[in-house]
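Each chain is listed here by its residues.
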Amino acid sequence: GEDEVAVFVGPWGPYVRRAADPASPAAPLPSGMAADLSSLTPGALRAVLDGHGRNGTLLGQHPDGRDLRLLVGRYGAYLRIGEPGEEGTRTQTLPVAVGGAG
């Protein structure tokens with residue numbers, strides 16, 4: 001269907017995109033996921049696509065009131081507390097076991 005995602009291998013490594021639309025935005029597959037094929041579920045692949053965008057996936061509010069978002073970058077998943085350009089915004093790399101760079 002329209003919501004199906006697929007993994008492809010390109011010149012810079014594996015990536016994920018919507019299966020039905022070759023022109024759809026793609027996201028690099030984090031190295032932790034590429035190394036563990038059991039982690040390649042449809043839900044996990046959708047999360048990679050959703051998290052790759054500028055705003056990532058909103059997880060909720062940090063105790064200080066700022067947005068807490070999950071994003072996926074070139075080296076894996078990470079958390080961002082606050083918004084880009086906002087004073088005090090910071091990021092936290094996730095452990096390799098949950099898809100981060102370590």
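Since the structure is predicted, the reported quantities are computational estimates derived from the model, not experimental observations.

Engineer: Looking at this structure, I do not really get the sheet that holds strand β3 (residues 27-28). What am I missing?
Structural biologist: What links the strands of a sheet is backbone hydrogen bonding, and the strands pair in either a parallel or an antiparallel sense. An order of β1-β2-β3 is seen for the three strands of this open sheet, with the pairing classed as antiparallel. At either end of the open sheet lies a strand with only one pairing partner, and these are β1 (5-10) and β3. As judged from the six bridges shared by β1 and strand β2 (residues 13-18), these two strands associate in the antiparallel manner. Within β2, the position partnered with F8 by the bridge is Y15. The strands that helix α2 (residues 42-52) touches are β1, β2 and β3; relative to β2, the one it contacts most, it runs at about 90 degrees.

Engineer: What should I look at first to understand the pattern of salt bridges in this one?
Structural biologist: A side chain of one charge can pair with a side chain of the opposite charge when the charged atoms of the two come close. If you walk through the whole model with that rule in mind, you get four salt bridges. A salt bridge links E83 to R69; the shortest N-O distance between them is 3.2 Å. Remark: R69 occurs in strand β5 (residues 67-73) and E83 occurs in the loop between β6 (76-81) and β7 (90-93); sequence separation between them is 14 residues. Its salt-bridge partner being E83, residue R80 comes within 3.3 Å of it at the nearest N-O pair. For R80, a relative accessible area of 8% puts it in the buried group.

Engineer: Explain α2 to me, please; I cannot follow it from the model alone.
Structural biologist: Since one α-helical turn is 3.6 residues long, residues separated by three or four positions face the same way. When we look at burial in α2, the residues that qualify are L45, V48, L49 and G51. Summarising the contacts, the buried residues of α2 are in contact with β1, β2, β3, α1 (31-35), β4 (57-61) and β5.

Engineer: Would you mind showing me how to read the nonpolar core here?
Structural biologist: The tendency in soluble globular proteins is for nonpolar side chains to be buried as a group. Grouped together as the largest cluster of nonpolar side chains are nine residues: V5, V16, A27, L29, M33, L45, V48, L49 and V72. Among the elements that take part in this core, α2 stands out by supplying three residues, more than any other. Residues within four places of L45 in sequence aside, it is in contact with V5, V7, V16, L29, M33 and L40.

Engineer: Would you mind showing me how to read the packing of aromatic side chains here?
Structural biologist: All told, the structure shown has one aromatic pair when counted by the stated rule. Ring centres of F8 and Y15 lie 5.6 Å apart, and the angle between their planes is 25 degrees; on these two criteria the pair is classed as stacked. A relative accessible area of 25% places Y15 in the partly exposed class.

Cut-offs used in this document
Residues numbered from 1 in each chain as written. Predicted model: local features only at pLDDT ≥ 70, side-chain atom pairs only at ≥ 80, totals over all residues. Heavy atoms only, no water. Pairing = 2+ DSSP bridges. Helix = DSSP H or I, 4+ residues; strand = E, 2+ residues; numbered from the N terminus. Contact = heavy atoms within 4.5 Å. Axes fitted to C-alpha atoms, helices over the stretch in contact; angles between N-to-C directions. Salt bridge = Lys/Arg side-chain N within 4 Å of Asp/Glu carboxyl O. Buried < 20%, exposed > 50% of the residue type's maximum accessible area, 1.4 Å probe, protein only. Core = buried A, V, L, I, M, F, W, Y, C linked by side-chain atoms within 4.5 Å. Phe/Tyr/Trp six-rings, centres within 6.5 Å; stacked < 30°, edge-to-face > 60°.

These figures capture arrangement, not role.
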